[in-house]
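Each chain, letter by letter, is given below.
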Amino acid sequence: MARLFEYQSKKLLKQGGIPVPEGKVVSSPEQAAEAARELGRPVVLKAQVWATGRAEKGGIHFADSPEEARKAAREILAIRISGLSVEKILVEEKIDIQSEYFAGLVIDDAEKSPVMLFSSKGGTGIEEIARKHPDQVARAYVNVSKGFREYEARDLIRQTGVFGKTLTWLSRVLAKFFQVSQKYDARSAEMNPLVLASDGTVYAADCHFVVDDYAVFRHPDLGIEVAREFDRPPTELEKIAYQVEKNDHRGTFYFFQMLDEVDEKENVLGFNGAGGGGSMMSMDAVLDQGFKLANYCDTSGNPSASKVYRAAKIILSQPHIKGYFASGSGVASQEQFHSARGLTKAFKEEGLEIPAVLRLGGNFEEKAIEILHTYLKDIPGKVEGYGREDSPEFCAERMKKLITDNDFLSHKVRPLQEPEITEEVYSFQTPTGEIRINQEKCLNCSTKACIEACTQNILKLEQQKPVLAISREDTEKGKCTECLACEIFCTFHEQDAIFIHLPIKGLKEYREKVIRKQEKCSDRRK
Amino acid sequence: MSILVNEQSKVLIQGITGREGMVRTRLMKDYGTQVTAGVTPGKGGQDVYGVPVYDSVKQAVEECGELDISVVFVPAFLVKEAALEAIDAGVRLAVLIPDRVPIHDVLEISRFSKQEQARFVGPNTLGLVSPGKAVLGMIGGRAKSAREWFSPGSIGVSSRSGGMTSAISYYLTKAGLGQSTIIHVGGDAVVGLSHPEVLQLFEEDPQTQLMVIFGEIGTSQEERVADLVSEGRIQKPVVAYIGGKAAKSGTRFSHAGAIVEGSRGSHESKVRLLKQAGVHVVDAVADIPKKAGQLLKEKGNKQ
Ligand code: SF4
Ligand code: SF4
């Protein structure tokens, strides 16, 4: 869920014509004092964090002067609220509140429609209020093609006992609230409290807005970095992974870091699931064997080999994991050899030293398992491939056995490497990377295996060297499916002349950081 | 009989010239689905595996006659447009394959399909298959596997997980239990046909004797199934597995969400309500074929 901070949400409301208290976002005590001076009246300072009940946790202070504001800001910036540090504070004019209301919008899956809720009692403890006084909470389904009209808002609000001018004011605000919610693809939105000030104006005193992950692309103005269900800001590795997801829509890719740092002494796995249901079942199986998971990663929905490759590279950027476990439903519709090739390229490059259990049951599983067993038999870590007849429980047991046999060796993160580019290289762009062929080497090649390997038939021989048989443009647009077959064939059966460069933005720097830490740790041990 | 699709359904593919569209057209045709026409704007006049491509759904209908079903393979952000176009042209069932369709788009599709009395499956669905008759979407992956994994019979399967849809059906087949129709209702929070709606169709289908559902935490689908069974609107036996026991209970979006949903959505709530209603809830996926076989046998004895 792409959550917005209060100050961001209020900006949207304001653009939509809903009054919000005047205020400014600051990130230092000095700026806070300055903001209070500009406002020139008593202010409230509110920590901008994704946590409920900020007030009790010291996240809200009042200040009557710039000096007080400075002091309050200093205090707020020093604390952690629900484990989160505070980076920004919203400094706002203090509103003289006469009464508090609640307004919220959610999506009801049974009716397949938005529902607007309104309560004449707002503020903290709204859920409690709703339970105790159901008569004071009214709800209405919204017809999305018509929108939520003012008269509908009026009919909703009057059910809670509000009347007169306040009713008219609130109705106007609520109708606008729906417009903003729809415009910004709200997964949920609420104004709590929505207040009536003593001057008779209605203000959204606090606001909470969650943008639908799948619609984030429509709102670049919101500057959302990672559109995901996090109850915390995304980690650095998650941000890197999200770029992969965003830039390649072939299949699903989802990466969630479960442990910020993996303890060397613990039995932790890198986890690569496929599909929500199958992944959950597989997770249950490894947790039952006493493992912890460093991450949750899902590559499914017929992902390209290159996407699975990138997933593996990201998973293997976590130090100290003891094994790599991949498992999905067991009977996947996707062509599993793509996953097998992605994993093969990644493991080979890494010189993987920890064991891997890969349950790739589904279409072409025999071919997938064969790829794994043929090409990965010589890397230091033991790799076992399984299919639909092998249960997740059995595979989890194998994982445990292999890790024990491997003496609980921890994974060491290595620097990202790529072969140097020589002048002889023939290269072309693929949808998300580049294929480089060192044609010098091809002169010694008898089989020309790459041509056969490419089932897309986009390679041909020209003077005994492989070149594109189609236009560069078509190749980049998707005729090359990044199946990785050409590279794998050439690497293992021929001259190791092809390298497919699949960049992952930011991973090189990330790994360097991890490696520095890793070295420090081992120095200390010495 | 089976539900929603059979060997006579005339099927349209939207986005037929794309990567997935092409590959899955082949799967559907090879399996025996009557793929009658395809649409990709700007590519009218071409053909894909012998299926003629048109510029619009309306044009496809003009040339090929009425089309029953459309399977949509366009990019996520174009799904709304494609679904509305299909329904507007008289298609009665749209199957929306793509993942990551914005939820407000789904709400609009839902509104329009209700108004036009059409139905849709998905988004984020692998599709559905009536074994031995026709397949829609990408379930099975290729015709050979689909034939091997799914067999005709009397069990209706409805699942919220794509992979588990195939897995459950495969294990049923292996146990000698065939299926009437297998449907992946889609993984998103709001989907077209959800478990309760699918089960009501199975209830009316003479071929279906028993239903299996794979549920998950979140949404109110399983609770609504429990309601239907309690009210006697579903009388055929139902076997259920609910995934996500280890996971945290469904994500809460807000206070408003909590007010609307109450305790609904959690693993515990779903299992409890289903059991109370008389649904056979099993603890492991592997127990499904056993339970289903046993229930069918009992049913057979009674008759
Ligand atoms: S298989 Fe390798 S060495 Fe042989 S022609 Fe192809 S790229 Fe060159
Ligand atoms: S050139 Fe051919 S074999 Fe190589 S990655 Fe592209 S599609 Fe695959």
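1. Section: the state of the cysteines
Scanning the entire structure with this criterion turns up zero disulfides over all chains. Sulfur of A:C395: no disulfide; nearest cysteine sulfur belongs to A:C297 and is 18 Å away.

2. Brief notes about the domain arrangement of chain B
Residue and element names in this part refer to chain B. Structurally, chain B comprises domain 1 (1–124) and domain 2 (150–303). Counting from both sides, the interface comprises 14 residues of domain 1 and, opposite them, 19 residues of domain 2. Summed over both partners, the interface of domain 1 with domain 2 comes to about 1,400 Å²; 64% of that surface belongs to carbon and sulfur atoms. When the area that domain 1 buries against domain 2 is broken down by residue, the three leading residues are M1, I3 and N124, summing to 37%. For the side of domain 1 that touches domain 2, the elements supplying multiple residues, two or more each, are α4 (103–115) and β7 (119–121).

3. Quick word on the interface of chain B and chain A
Every contact between the two is made by 60 residues of chain B and, on the other side, 62 residues of chain A. Overall, the association of chain B and chain A removes approximately 5,000 Å² of surface from exposure, summing both partners, and the carbon and sulfur fraction of that is 56%. At the boundary of chain B and chain A, one finds six salt bridges. For B:R100, the salt bridge goes to A:E245, with nearest N and O atoms at 2.7 Å. Here chain B and chain A share 22 residue pairs in polar contact (both at pLDDT 80 or more) between them. Looking at the side of chain B that touches chain A, the elements that each hand over two or more residues are α1 (19–31), α4, α5 (143–149), α6 (162–174), β12 (210–216), α8 (221–230) and α9 (255–261) of chain B.

4. Re the site of ligand 2
Taken together, the residues surrounding ligand 2 are A:I435, A:C454, A:Q456, A:I458, A:C480, A:T481, A:E482, A:C483, A:L484 and A:C486. Broken down by class, the residue content of the shell around ligand 2 amounts to seven nonpolar, two polar and one charged.

5. A few points about the sheet that holds strand β3 (residues 47–48) of chain B
All names here are of chain B. Spatially, seven strands are ordered β3-β4-β2-β1-β5-β6-β7 in an open sheet, and the strand pairing comes out mixed. This sheet does not close on itself; its edge strands, each paired only once, are β3 and β7. One ladder, built from two bridges, connects β3 with strand β4 (residues 51–54); its direction is antiparallel. Of the residues in β4, the one forming a bridge with D47 is P52. Contacting β1 (10–14), β2 (34–39) and β4, helix α2 (residues 57–64) crosses the sheet at an angle of about 135 degrees to β2.

6. Some thoughts on the packing of α8(B) against helix α10 (residues 267–277) of chain B
All names here are of chain B. At a closest axis distance of 8 Å, the pairing of α8 and α10 adopts a crossing angle of 15 degrees. Judged by the angle between their axes, α8 and α10 are roughly parallel. Where α8 crosses over α10, the handedness of that crossing is left-handed. Every residue of α10 that contacts α8 at Q221, E222, E223, V225, A226, V229 and S230 is listed here: S269, K270, L273, L274 and A277. Residue classes in the contact of α8 with α10 are distributed as six nonpolar, three polar and three charged.

7. Looking at the packing of helix α9 (residues 305–315) of chain A against helix α10 (residues 336–350) of chain A
Between two packed helices, both the angle of their axes relative to each other and the distance between the axes serve to describe the pair. Residue and element names in this part refer to chain A. Taken N-terminus to C-terminus, the directions of α9 and α10 make an angle of 40 degrees; their axes are 7 Å apart at the nearest point. Looking at the two axes, α9 sits oblique to α10. The two elements α9 and α10 cross, and the hand of that crossing is right-handed. For the pair formed by α9 and α10, the contact residues are A305, V308, Y309, A312 and K313 on the first element and H338, S339, R341, G342, L343, K345, A346, F347, E349 and E350 on the second.

8. Remarks on the side chain of A:D108
All names here are of chain A. Note that D108 resides in strand β8 (residues 97–108). In this structure, D108 is buried with no salt-bridge partner, the nearest side chain bearing the opposite charge being R139 at 6.8 Å. A distance of 3.3 Å separates the side chain of D108 from the backbone nitrogen of A110, its partner in a polar contact. At a separation of 2.8 Å, a polar atom in the side chain of D108 contacts the main-chain amide nitrogen of E111.

9. Description of the sheet that holds strand β13 (residues 238–243) of chain B
Residues and elements named next belong to chain B. A sheet is described by the order of its strands in space; here seven strands give the open sequence β9-β8-β11-β10-β12-β13-β14, paired in mixed fashion. Because the sheet does not close on itself, it has two edges, and the strands there are β9 (134–137) and β14 (280–281). Of the strand pairs in this sheet, strand β8 (residues 127–130) and strand β11 (residues 179–184) are connected by two bridges, and their pairing is antiparallel. Residue L128 lies in a different strand from β11, and its bridge partner there is I183. Across the sheet, α1 lies against β8 and β9, angled at about 170 degrees from β9, the strand it touches most.

10. Some details on the side chain of B:K270
Residues and elements named next belong to chain B. Looking at the secondary structure, you find K270 in helix α10. Given a relative accessible area of 0%, K270 falls into the buried group. From its side chain, K270 meets the backbone oxygen of T219 in a polar contact 2.8 Å long. A polar contact is formed between the side chain of K270 and the side chain of E222, at a distance of 2.6 Å. Filtering out sequence-adjacent residues up to four positions away, K270 remains in contact with R160, E216, I217, G218, T219, S220, Q221, E222, E223, I242 and G265.

11. As for the environment of A:V357
All names here are of chain A. Among the structural elements, V357 can be located in strand β20 (residues 356–359). Taking the C-alpha atoms as reference, V357 lies 9.8 Å from E397; in sequence the two are 40 residues apart. V357 has contacts with Y324, F325, A326, E384, Y386, C395, R398, M399 and L402, leaving out every residue within four places of it along the chain.

Each value, and the rule that gives it
Along each chain, the written sequence defines residue order, and numbers are assigned to residues from 1. Chains and ligands are labelled sequentially in the order written, the chains with letters from A and the ligands with numbers from 1. Only residues with pLDDT of 70 or above have their local features reported here, since the model is predicted, and side-chain atom pairs are shown and tallied only from 80 upward, although totals for entire chains, interfaces and linings are computed over all residues. Note that the side-chain values use all heavy atoms of the structure and ignore hydrogens as well as water. The disulfide criterion used throughout: a pair of cysteine sulfur atoms within 2.5 Å. Domain delimitation follows an automatic or database domain assignment. Note on contacts: a residue pair is in contact if any heavy atoms of the two residues lie within 4.5 Å. When two components associate, each loses some accessible surface as probed by a 1.4 Å sphere; the sum of these losses over both components is called the buried area. Helix and strand assignments follow DSSP, with helices taken as H or I runs no shorter than four residues and strands as E runs no shorter than two, numbered in order from the N terminus. In the sections that follow, a salt bridge refers to a side-chain nitrogen of Lys or Arg positioned within 4 Å of a carboxyl oxygen of Asp or Glu. Polar contact is the term for a pair of N or O atoms within 3.5 Å; when the atoms are in protein, one must be able to donate a hydrogen and the other to accept it, and sequence-neighboring residues count only if both atoms are side-chain atoms. Here a residue is near a molecule or strand as soon as one of its heavy atoms is found within 4 Å of it. Amino acid classes used here: Ala, Val, Leu, Ile, Met, Phe, Trp, Tyr, Cys and Pro are nonpolar; Asp, Glu, Lys and Arg are charged; the rest, including Gly, are polar. Only strands that DSSP links by at least two bridges are regarded as paired with each other. Convention adopted: a line fitted to C-alpha atoms gives each axis, helices being fitted over their contacting stretch, and angles between N-to-C directions are expressed from 0 to 180 degrees. Any angle between 65 and 115 degrees counts as roughly perpendicular, while under 35 counts as roughly parallel, over 145 as roughly antiparallel, and the rest as oblique. Here is the rule for handedness: rotate from the far helix to the near one, and if that takes an anticlockwise turn smaller than a right angle the crossing is left-handed, while a clockwise turn gives right-handed. Burial classes follow relative accessibility: with a 1.4 Å probe on protein chains only, a residue under 20% of its type's maximum area counts as buried, one over 50% as exposed, and anything between as partly exposed. Only four residue types enter the charge count: Lys and Arg as positive, Asp and Glu as negative, with His and the chain ends excluded.

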